Amino acid sequence: MGNHSSFCGHMGAESSVEPLRGTGSSPSRPSVRDYGDINKVPTITDDNVIEFFTDVEGNWEYLINFVSRSKILHWTGDPRGVWGPGELAIYPKGILVFGGDAPDKGPGDIRIIKVLTRLKVQHPSQVFLILGNRDLMKMRFLAELADVPENLDDPWLPTWEKQPRPLSDYLVKEKLQKNRVSKLRWMLDCNTGCQDGTFDTRKDELAHLYGTATDEDVLFSYTDSVDPKSADPWMLEYLRAGLVALVLGDVLFVHGGLQDESAGHVPGSSSTFTNVQAWADALNAWKEKELRDFEESPGWRSGADGKKTRGGAGLIEYGTPGAGARTVIYYNPFDNGNPVKRSVKVREFLNSSGIKCLISGHQPHGQTPTVVRHMDTGLLVITADTSRSDAKGSKVFNPLNNRGLAISVVRFQGDLVLIEGTTNEGSKHGCKLNRRRMNGEEMPDALVGRQLLNNAWVKTVVEENGEKKVIVALGVGWTVTVEVMSIQRACMNLKDEYRQGGNFHVDMHDIDPRQLRRSFRTFDDSGYEALADSSSLRHAGYKQLDQEAVKVFDTASTYVFSFNGVLMPFRDTEQGQQIAHNVNRMIRHDKRVVFITNDSTMSRSTFFDKIVNDFHI
């Protein structure tokens, strides 16, 4: 596994005050490339523990918190102040995979990237860095912020931006002078995917590390970090160490995900790969070729078509919407904010190479990772970005913090995938899945990754008042609605496809009425008319429902009615016809309706025929 102390000695110098920018001469530090193939994949055994986290996005406190929960990472040596409780280290059997998007939304960009790069060089076969769109975007700054008039007078606009905001309009609105610092602000605010405030969080970090920082220091921190001639090209070193795709055993790691057009595709290649490992190798070789092209020509040049281009332009675009459907980096695997299954083509592509789990980040979906099971191949697809867990999270240390207190670790060992962590409310969650044996889990873990009738997904397991329950979540756009649900209710609401391979049957005598009474969704997009605001569901013997009860009734997914109390009293009446109409409407909206009776003289078939023929339900 190796220990490259020479490189680490240089990297360890960040704890002392250094110049804020390089000298413009050749690099004074060893490069990642000086150590040969640092991405050689080890043979994975059941003794290895693989941990995955992703999309830390400049949040230094999140990294510290993750290490505190890790089984494989720890701090060694003396405290290093702003650089952490010590030097980050990894235990011998541990393997760390970071899923990409290290910088952008907090005052921790520099420290996170340098700490991860140093750990990678120290333990090359134990640490792997997946490149995300935010990482690759940094390649833009050297050419676009070069001190040449055309960069300000005729600035390049990203071709993938549908409605790019001109620099001139931005300068007028923000009342800024036309200079390189203002252009950097424009890039960060308008066309690199950052939040407003990213310029300020970088300035805060520089001041935190070096005691003081100017706007020009912020500018140079972006340009020098990717300049091959800089004395400290720390962002470029991270890109050199990173991968686009990684296969460890039967697990495939990418930043965004996989779809039909990207599966087996390598930019510039006329061939479509059918073997996942060969495809990943070719994709990473292409990345390396593009990055070397960038290092040789990072500034503007004329392309074959006469248009302005630069070295590594293809790699930059691959991490943007400009790559279309052929990228594994900039890809949203959800449908209107809600997870969906991978296509048949993707499942077959992965299954033919023995891939049992596809894991990515990039697209947030609530406070915990999302699991999607595929019942035909046993594939588990995990999306682990939790960067938008809590928009109201504390802004004391990071004004751009949208995480709150939520944190999760995805861990692989042997046959198992273990997901554990804490929600924003402080509740511990966790589940244990078997990726090599379909339906190899006990309840309630067996529910995780299965979909309910309302399209929500079971995400993880929690304990509430001594009772194990599941967290379910439904995404709509950028809103994720979360509910803690009883195991009974989750089983009753599973889609038929996800009832396979497990004991999800709930006997009537086991049903807890309190759980049925709580059977409601926490969102109001039910998409059908109110069902309980009509007198047709009441008669003289019933109390009128209050507004809260109406809301609960309307949003339930399963209804249990007494035949003798709801139907029989209104047989052959106008009220009975209205009740039947409402019940049929519920069924049309995919509601589950159960009628029960204590009439022992009727068989089940007779009871069914009576409901259908006498009441037209």
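Before reading further, recall that the structure is shown in the block above.
For the structure given in this document, a descriptive report is provided here. This is a predicted model, so every value here is computed, not measured. (Residues numbered from 1 in each chain as written. Predicted model: local features only at pLDDT ≥ 70, side-chain atom pairs only at ≥ 80, totals over all residues. Heavy atoms only, no water.)

## Observations concerning the overall build of the protein
Item 1. The helix and strand inventory of the protein stands at 20 helices and 22 strands.
Item 2. Across the protein, contacts joining residues at least 24 apart in sequence account for 65% of those joining residues at least 6 apart.
Item 3. Approximately 26,700 Å² of the protein is accessible, and the part contributed by carbon and sulfur atoms is 49%. (Helix = DSSP H or I, 4+ residues; strand = E, 2+ residues; numbered from the N terminus. Contact = heavy atoms within 4.5 Å. Areas by Shrake-Rupley, 256 points an atom, 1.4 Å probe, with all protein chains shown as cover.)

## Description of the nonpolar core
Item 1. The biggest cluster of nonpolar side chains holds 133 residues, and the ones touching the most others in it are Leu252, Phe253, Leu258, Trp279 and Leu350.
Item 2. Of all the elements, helix 12 (residues 276-296) adds the most residues to this core, at eight residues.
Item 3. The contacts of leucine 258, once residues within four sequence positions are left out, are Leu252, Ala263, Trp279, Val328, Tyr331, Arg342, Val346, Phe349, Leu350 and Leu358.
Item 4. Among the nonpolar cores identified, the runner-up in size contains 15 residues, and Phe561, Val566, Val583 and Phe595 belong to it. (Core = buried A, V, L, I, M, F, W, Y, C linked by side-chain atoms within 4.5 Å. Buried < 20%, exposed > 50% of the residue type's maximum accessible area, 1.4 Å probe, protein only.)

## Quick word on unusual backbone geometry
Item 1. Each neighbour pair has its own omega, and for methionine 443 with proline 444 the value is 0 degrees, a cis peptide bond.
Item 2. One non-glycine residue, asparagine 336, lies in positive phi territory at about 55 degrees.
Item 3. Relative to the elements of secondary structure, asparagine 336 occurs in the loop between strand 10 (334-335) and strand 11 (338-339).
Item 4. On the basis of relative accessibility, which here comes to 51%, the residue asparagine 336 falls in the exposed class.
Item 5. A positive phi angle, near 55 degrees, is found at asparagine 465, a position not held by glycine.
Item 6. Along the chain, the position of asparagine 465 falls in the loop between strand 18 (457-464) and strand 19 (467-476).

## Points about the packing of helix 3 (residues 109-122) against helix 11 (residues 234-241)
Item 1. At a minimum axis separation of 9 Å, helix 3 and helix 11 run at an interaxial angle of 45 degrees. Compared by their axis directions, helix 3 and helix 11 come out oblique. Our pair here, helix 3 against helix 11, has a crossing hand that is left-handed. Across the interface between the two elements, Asp109, Ile110, Ile113, Lys114, Leu116, Thr117 and Lys120 of helix 3 pack against Trp234, Met235, Glu237, Tyr238 and Ala241 of helix 11.
Item 2. Per-class residue counts for the contact of helix 3 with helix 11 are seven nonpolar, one polar and four charged. (Axes fitted to C-alpha atoms, helices over the stretch in contact; angles between N-to-C directions. Parallel < 35°, antiparallel > 145°, perpendicular 65-115°, else oblique. Left-handed = near helix turned anticlockwise from the far one by under 90°. Nonpolar A, V, L, I, M, F, W, Y, C, P; charged D, E, K, R; others polar.)

## As for the side chain of aspartate 101
Item 1. The topology assignment puts aspartate 101 in the loop between strand 4 (94-98) and helix 3.
Item 2. Within the structure, the side chain of aspartate 101 is placed 3.2 Å from the backbone nitrogen of asparagine 133, a separation counted as a polar contact.
Item 3. A polar contact of 3.2 Å, which involves the side chain of aspartate 101, links it to the side chain of histidine 255. (Polar contact = N/O pair within 3.5 Å; in protein donor to acceptor, adjacent residues only side chain to side chain.)

## Concerning the environment of tyrosine 62
Item 1. You can see tyrosine 62 is positioned in helix 2 (residues 60-69).
Item 2. Using a relative accessible area of 6% as the deciding quantity, one classes tyrosine 62 as buried.
Item 3. With 339 residues separating them in the primary sequence, tyrosine 62 and asparagine 401 have C-alpha atoms 9.8 Å apart.
Item 4. Contact partners of tyrosine 62, with chain neighbours within four places excluded, come to Phe53, Val56, Thr386, Arg403, Ala406, Ile407 and Ser408.

## A few points about the pairing of strand 17 (residues 428-434)
Item 1. Direction of pairing for strand 16 (residues 416-422) relative to strand 17: antiparallel, over a ladder of seven bridges. For threonine 422, the partnering residue across the bridge sits in strand 17 and is lysine 428.
Item 2. The antiparallel hairpin formed by strand 16 and strand 17 contains five residues in its connecting segment, where glycine 426 sits at a positive phi of about 90 degrees. (Pairing = 2+ DSSP bridges.)

## Some points on the packing of aromatic side chains
Item 1. Scanning the entire structure with this criterion turns up 14 aromatic pairs.
Item 2. For the ring pair phenylalanine 52 and phenylalanine 253, a centre distance of 5.7 Å and an interplane angle of 35 degrees mean the geometry is tilted. Taken as a pair, phenylalanine 52 in strand 1 (residues 49-53) and phenylalanine 253 in strand 7 (residues 251-253) lie far apart in primary sequence, 201 residues in all. For the pair phenylalanine 52 and phenylalanine 253, one class covers both residues: buried.
Item 3. An angle of 75 degrees between the planes, with centres 6.0 Å apart, marks the rings of phenylalanine 253 and phenylalanine 412 as edge-to-face. Taken together, the residues span a long stretch of sequence, with phenylalanine 253 in strand 7 and phenylalanine 412 in strand 15 (residues 407-413) at a distance of 159 residues.
Item 4. You can call phenylalanine 253 buried: its relative accessible area is 0%. (Phe/Tyr/Trp six-rings, centres within 6.5 Å; stacked < 30°, edge-to-face > 60°.)

## Quick look at empty space enclosed by the protein
With a probe scaled to a water molecule rolled over the atoms, the places where space remains empty come into view.
Item 1. In total, this model carries five cavities of 30 Å³ or more according to the counting rule given.
Item 2. Put simply, the second largest cavity is a space of about 90 Å³.
Item 3. Lining the second largest cavity are Val56, Glu57, Asn59, Lys105, Gln195, Ser387, Arg388, Asn398, Leu400, Asn401, Asn402 and Arg403.
Item 4. Broken down by class, the residue content of the lining of the second largest cavity amounts to two nonpolar, six polar and four charged. (1 Å grid on protein atoms, 1.4 Å probe; cavity = no way out; pocket = protein on both sides within 12 Å on 5 of 7 lines; lining within 4 Å. Points joined across faces, edges and corners; volume = space filled by probe spheres on them.)

## Overview of the sheet that holds strand 13 (residues 370-373)
Item 1. Pairing in this open sheet of five strands is mixed, and the strands run 6-7-12-14-13 from one edge to the other. Edge strands, defined here as strands with exactly one partner in the open sheet, are strand 6 (246-248) and strand 13. Across the sheet, the axes of successive neighbouring strands diverge by a mean angle of 20 degrees, strand direction being ignored.
Item 2. Pairing of strand 6 with strand 7, which is carried by three bridges, proceeds in the antiparallel orientation. Bridge pairing in strand 7 places leucine 248 opposite valine 251.

## Structural notes on the pattern of salt bridges
Item 1. Under the counting rule described, the total for this entry stands at 37 salt bridges.
Item 2. With a shortest N-O distance of 3.7 Å, arginine 134 and aspartate 101 are connected by a salt bridge. Here the residue arginine 134 occupies a position in helix 4 (residues 133-137), and aspartate 101 occupies one in the loop between strand 4 and helix 3, the gap between them amounting to 33 residues. Considered together, arginine 134 and aspartate 101 belong to a single accessibility category, that of buried residues.
Item 3. One salt bridge connects arginine 140 with glutamate 144, and the closest N-O pair in it is separated by 2.8 Å.
Item 4. On the basis of relative accessibility, which here comes to 0%, the residue arginine 140 falls in the buried class.
Item 5. Residues participating in the shared-partner salt-bridge network are Arg33, Glu237, Arg240, Lys287, Glu288, Arg292 and Glu295. (Salt bridge = Lys/Arg side-chain N within 4 Å of Asp/Glu carboxyl O.)

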